[in-house]
Amino acid sequence: MPNGHVHYDACDILHWRFTEQGYPPLVVDRFDYSRGLRLLQLRGIRGYAPMPKMDTWKYWPPPPRKAERADYEQFASMCIDATRALLVSNPNDALDPKLRHAQLAWLTFDLGWAIVVGFNLYVREGTEPLRLVNEFAVEYPDDLPEEHRAMLAKVLVNQLSAICTDGLTHPFASLAKCVVDFRNCSEILLTSIPLHGTAVWSEVAGLPVFDARAAGLLVGALREHGLGCEMDQLAVRWSKPST
């Protein structure tokens with residue numbers, strides 16, 4: 001088409017807007033005739049976001065078509081390093097480097113691989129309910145009292161899971177957990193909110209991602225979360241094409 005748009009009905013993005021300035025800033029790159037998607041959300045503190053030199057944000061060559069998990073973990077390391085470099089690319093950025101964060105998602109739908117840091121990725125295998133696949137496990141000392149475990153779990157679940165200037169922010173994050181193989185999945189849902197912690201999760205998880213009621217519940221959850229933290233929110237929906 002004259003404007004370069006390529007139709008790909010299998011995937012769309014729901015973007016709930018709260019702020020006039022579009023906070024946190026969102027960058028969407030489509031590639032491979034829209035069968036690939038790269039998302040970047042820049043986060044700072046309150047209404048302040050990093051202001052990197054976006055002309056340094058280059059498209060990374062993906063792994064070869066027959067690549068396996070080890071190749072994608074190496075690719076994830078390159079993606080994270082590139083994001084860290086972006087966060088410090090502007091020497092005149094007024095935001096303290098310690099407060100600069102980014103959330104990243106790189107999805108290649110035809111090949112069935114994802115790199116996800118900071119977003120929540122849910123997958124469906126066959127007709128099973130959606131399930132979260134990139135939650136970081138928390139390892140507690142054996143002698144830690146139960147009340148302390150509950151307190152620590154509450155702190156960690158609210159901790160920003162993202163990329164900072166030093167690397168991955170979550171203490172239990174790993175490259176392996178950032179890589180998701182969804183080759184055998186029929187649908188995926190990627191959100192900027194912890195949808196599995198909302199009141200609508202059990203119903204949304206059982207509905208097709210493009211179901212009208214699921215969409216309404218999802219937008220409502222995006223709105224509720226967005227109002228609470230005064231930030232824009234998003235969701236990526238994908239269903240494997242029948243042919």
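Relevant structure appears above.
Per chain, residue numbering runs from 1 following the sequence as it is written. Local features in this predicted model are restricted to residues of pLDDT 70 or higher, and side-chain atom pairs are both shown and tallied only at a pLDDT of 80 or more, whereas totals for entire chains, interfaces and linings draw on every residue. In computing side-chain values, all of the structure's heavy atoms are included and hydrogens and water are not.

Chemist: Can you walk me through helix α5 (residues 212-229) in this structure?
Modeler: Think of an α-helix as turning once every 3.6 residues; residues three or four places apart then point the same way. Helix length check: α5, at 18 residues, gives a terminal C-alpha distance of 26 Å against a target of 26 Å (1.5 Å per residue), a fit within 8%. When a residue's accessible area, from a 1.4 Å probe over protein chains only, is under 20% of the maximum for its type it is buried; when over 50% it is exposed; and in between it is partly exposed. Under the scheme used here, helices are H or I runs from DSSP no shorter than 4 residues and strands are E runs no shorter than 2 residues, and both carry numbers assigned from the N terminus. Within α5 the residues assigned to the buried category are Ala214, Ala215, Leu217, Leu218, Ala221, Leu222 and Gly226. Seen end-on, α5 carries its buried residues on one side only, within an arc spanning 165°. Of the exposed residues in α5, the ones pointing more than 90 degrees away from its buried face are Ala212, Glu224 and Gly228. What makes two residues a contact is simply this: any of their non-hydrogen atoms within 4.5 Å. Elements in contact with the buried residues of α5: β1 (11-16), β11 (187-191), α4 (201-206) and β12 (233-239). Under the rule applied, a polar contact is a pair of N or O atoms within 3.5 Å (in protein, one hydrogen donor and one hydrogen acceptor; residues adjacent in sequence only if both atoms are side-chain atoms). Its side-chain oxygen at 2.9 Å from the backbone nitrogen of Arg213, Asp211 defines the N-terminal cap of α5. By this rule the span expected of a helix is its residue count minus one, scaled by 1.5 Å. Directions pointing from the helix axis toward each C-beta atom define the arc.

Chemist: Any chance you could explain unusual backbone geometry here in plain terms?
Modeler: With omega at 0°, the peptide bond leading from Tyr23 into Pro24 counts as cis. Position of Pro24 among the secondary structure elements: in the loop between β1 and β2 (26-31). For Asp32, which is not a glycine, the phi torsion comes out positive at approximately 50°. Positive phi is not limited to glycine here, since Ser34 has a value of about 70°. Along the chain, Ser34 falls in the loop between β2 and β3 (36-43).

Chemist: Got a minute to help me understand the pattern of salt bridges in this structure?
Modeler: A side chain with one charge can pair with a side chain of the opposite charge if their charged atoms come near. A pair is scored as a salt bridge if a Lys or Arg side-chain nitrogen falls within 4 Å of a carboxyl oxygen belonging to Asp or Glu. Under the defined criterion, the tally for this structure stands at 12 salt bridges. Arg100 is paired through a salt bridge with Asp93; the nearest N and O atoms lie 3.8 Å apart. The exposure class of Arg100 is buried, given its relative accessible area of 5%. A salt bridge links Arg124 to Glu187; its shortest N-O distance comes to 2.3 Å. Separated by 63 residues along the polypeptide, Arg124 in strand β6 (residues 120-124) and Glu187 in strand β11 bring together distant segments of the chain. Relative accessible area serves as the criterion here: at 5%, Arg124 is assigned to the buried category. By relative accessible area, Glu187 is classed as buried at 9%. Members of the salt-bridge network, linked through shared partners, are Glu68, Asp181 and Arg183.

Chemist: Is there a simple way to think about the nonpolar core in this case?
Modeler: Soluble, globular proteins show a tendency: their nonpolar side chains are buried together. Nonpolar core, defined: a set of buried Ala, Val, Leu, Ile, Met, Phe, Trp, Tyr and Cys residues in which side-chain atoms within 4.5 Å join the residues together. If you look at the biggest cluster of nonpolar residues, it comprises 23 residues, and the most contacted ones within it are Trp60, Tyr72, Phe75, Trp106 and Ile115. If you list the elements that add at least two residues to this core, you get β3, α1 (69-87), β4 (101-108) and β5 (113-117). With seven residues, the top contributor of residues to this core is α1. In contact with Ile115, other than residues within four places in its own chain, are Tyr72, Phe75, Ala76, Leu104, Ala105, Trp106, Cys178 and Val179. Counting 22 residues, the second-largest nonpolar core is a separate cluster that includes Leu37, Leu39, Leu234 and Trp238.

Chemist: I'm lost on the packing of aromatic side chains in this one. Help?
Modeler: In this description, an aromatic ring pair is defined by two values, namely the gap between the centres and the angle between the planes. Each Phe, Tyr or Trp ring, with Trp reduced to its six-membered ring, pairs with another whose centre is within 6.5 Å; inter-plane angles below 30 degrees give stacked pairs, above 60 give edge-to-face pairs, and intermediate values give tilted ones. Under the criterion given, the structure shown has 12 aromatic pairs. Aromatic side chains Phe182 and Trp238 sit 5.5 Å apart centroid to centroid with 70° between the ring planes, which places their arrangement in the edge-to-face category. Of the two residues, Phe182 is situated in the loop between β10 (179-181) and β11 and Trp238 in strand β12; the sequence distance between them amounts to 56 residues. Taken as a pair, Phe182 and Trp238 share a single burial class, namely buried. Cluster of aromatic residues (ring-pair linked, three or more members): Phe31, Trp57, Tyr59, Trp60, Tyr72, Phe75, Trp106 and Trp113.

Chemist: I keep staring at the side chain of Ser34 and nothing clicks. Help me out?
Modeler: Taking relative accessible area as the criterion, Ser34 reaches 8% and is therefore assigned buried. Aside from chain neighbours lying at most four places away, what touches Ser34 is Val6, Tyr8 and Phe109.

Chemist: Can you help me understand the sheet that holds β11 in this one?
Modeler: Across a sheet, paired strands are connected by hydrogen bonds in the backbone, their directions being either parallel or antiparallel. By this definition, two strands are paired if DSSP reports at least two bridges between them. The antiparallel open sheet is built from five strands, whose spatial order is β1-β12-β11-β6-β7. Only two strands of the sheet have a single neighbouring strand rather than two, namely β1 and β7 (131-132). Strand direction decides the pairing type here: β11 and β12, joined by five bridges, are antiparallel. Looking at β12, one finds that Thr191 is bridged to Ala235.

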